[in-house]
Amino acid sequence: LGFCPGQRFQVGVLLMHLQAAPLSTDDVLLEPYLASWDELIKFMDSLGPLVGFISQEIEAKTSIIRDLAQKEATAEEQVSGTSILKDEPTHPSAGVMGRAYTSVRSMIKAELAQGLVDFTQPQASGCRTLLRLHRALLWLQLFLHSLAEDGRAQSPSELCRDAYRVTLAQHHTWWVRKAAELAFVAMPDRAFFYRLVCVDTQEEAAVVLNHVVRAIQKVYNQTQMALEEHGMLELP
Ligand code: 1Q0
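What counts and how
Residues numbered from 1 in each chain as written. Predicted model: local features only at pLDDT ≥ 70, side-chain atom pairs only at ≥ 80, totals over all residues. Heavy atoms only, no water. Axes fitted to C-alpha atoms, helices over the stretch in contact; angles between N-to-C directions. Helix = DSSP H or I, 4+ residues; strand = E, 2+ residues; numbered from the N terminus. Parallel < 35°, antiparallel > 145°, perpendicular 65-115°, else oblique. Left-handed = near helix turned anticlockwise from the far one by under 90°. Contact = heavy atoms within 4.5 Å. Near = heavy atom within 4 Å. Polar contact = N/O pair within 3.5 Å; in protein donor to acceptor, adjacent residues only side chain to side chain. Buried < 20%, exposed > 50% of the residue type's maximum accessible area, 1.4 Å probe, protein only. Phe/Tyr/Trp six-rings, centres within 6.5 Å; stacked < 30°, edge-to-face > 60°.

Focus on the packing of helix H5 (residues 104-113) against helix H10 (residues 202-229)
Running from amino to carboxyl end, H5 crosses H10 at an angle of 20°, the nearest separation of the two axes being 10 Å. In terms of axis orientation, H5 runs roughly parallel to H10. The way H5 lies across H10 gives a crossing that is right-handed. Residue-level inspection shows Val104, Arg105 and Ile108 of H5 in contact with H10, the latter providing Thr223, Met225, Ala226, Leu227 and Glu229.

Right, here's the structure in full:
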């Protein structure tokens, strides 16, 4: 098997994407947001087939947003100048995602204008899809925070489970919760995490993990604000 660096999770790459995501103080760029999830998929993939369904779910969710963005970008190109967001300033990353899908707020605005967001029943909008990733990010923030702070009293697997129960599990069906409980046993031990972030001690690990936690917090809070303002925290 050849060494393939691009396929392996790197905490530095994750941090880079997370830190690139906040736009001013109340918005989040979608491209780096989704790129953060790409990097997390690499982490999951290193844990083996037992958690494959989780990678697939993240992949499915990021693809929905990217496909919508792609469609919108194509439409914008065809009728350039007639975009509903033509008065919006164009961000450098708009080329890839289309102006409408540049950021969380531009997406909300565009999807509301197009009547894409269904508040009563499940419909594949970028907004309801983002909300799923957003809820998962709260789990991750809590898990990594406890991994940084917990003085080895509990295993990562237990911390992961506890964080899940108070966050994501609230939004999951009975079957998904059962599947998640099975996946927790695949969570590696502390030594694995230390190697992953290239440190030897809990103190050193805490420094790196807290960097990631702070970056997630900022992205999470700014997304939360945008969704909350538009009454989108319970989209079916
Ligand atoms: C190793 C074990 C990790 C356990 C992670 C938590 C359990 C998550 C269980 C996910 C089940 C996915 C099956 C489908 C769920 C959907 O029903 C649900 C709702 O969507 P919908 O369309 O039916 O309304 N989907 C979701 O909630 C999507 C989010 C699932 C993503 C779970 C996030 C996993 C992230 C993993 C990254 C771990 C990174 C550690 C990094 C360490 C860094 C130093």
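Some details on the site of the ligand
Taken together, the neighbourhood of the ligand is formed by 28 residues, with Glu57, Lys61, Arg128, Arg132 and His172 sitting nearest. In the environment of the ligand, an oxygen atom lies 2.8 Å from a nitrogen or oxygen atom belonging to the side chain of Lys61. With respect to the ligand, the side chain of His172 contributes an N or O atom lying 2.8 Å from an oxygen atom. Within the residue set of the shell around the ligand, elements represented by two or more residues are helix H2 (30-45), helix H3 (52-78), helix H6 (126-149), helix H7 (156-166) and helix H8 (174-184). Per-element accounting of the shell around the ligand gives the leading share, six residues, to H6.

Considering unusual backbone geometry
Although it is not a glycine, Ser24 adopts a positive phi angle of roughly 45°. Along the chain, Ser24 turns up in the loop between strand E1 (22-23) and strand E2 (27-28). Located in the positive-phi region is Cys198, a residue other than glycine, with phi close to 60°. By secondary structure assignment, the location of Cys198 is in the loop between helix H9 (190-196) and H10. With a relative accessible area of 69%, Cys198 lands in the exposed category.

Topic: the packing of aromatic side chains
Per the counting criterion, the structure on display carries eight aromatic pairs. Ring centres of Phe43 and Phe193 lie 5.8 Å apart, and the angle between their planes is 35°; this geometry places the pair in the tilted category. With a gap of 150 residues between them, Phe43 in helix H2 and Phe193 in helix H9 connect regions that are remote in the sequence. Of the residues examined, Phe43 reaches a relative accessible area of 8% and is grouped as buried.

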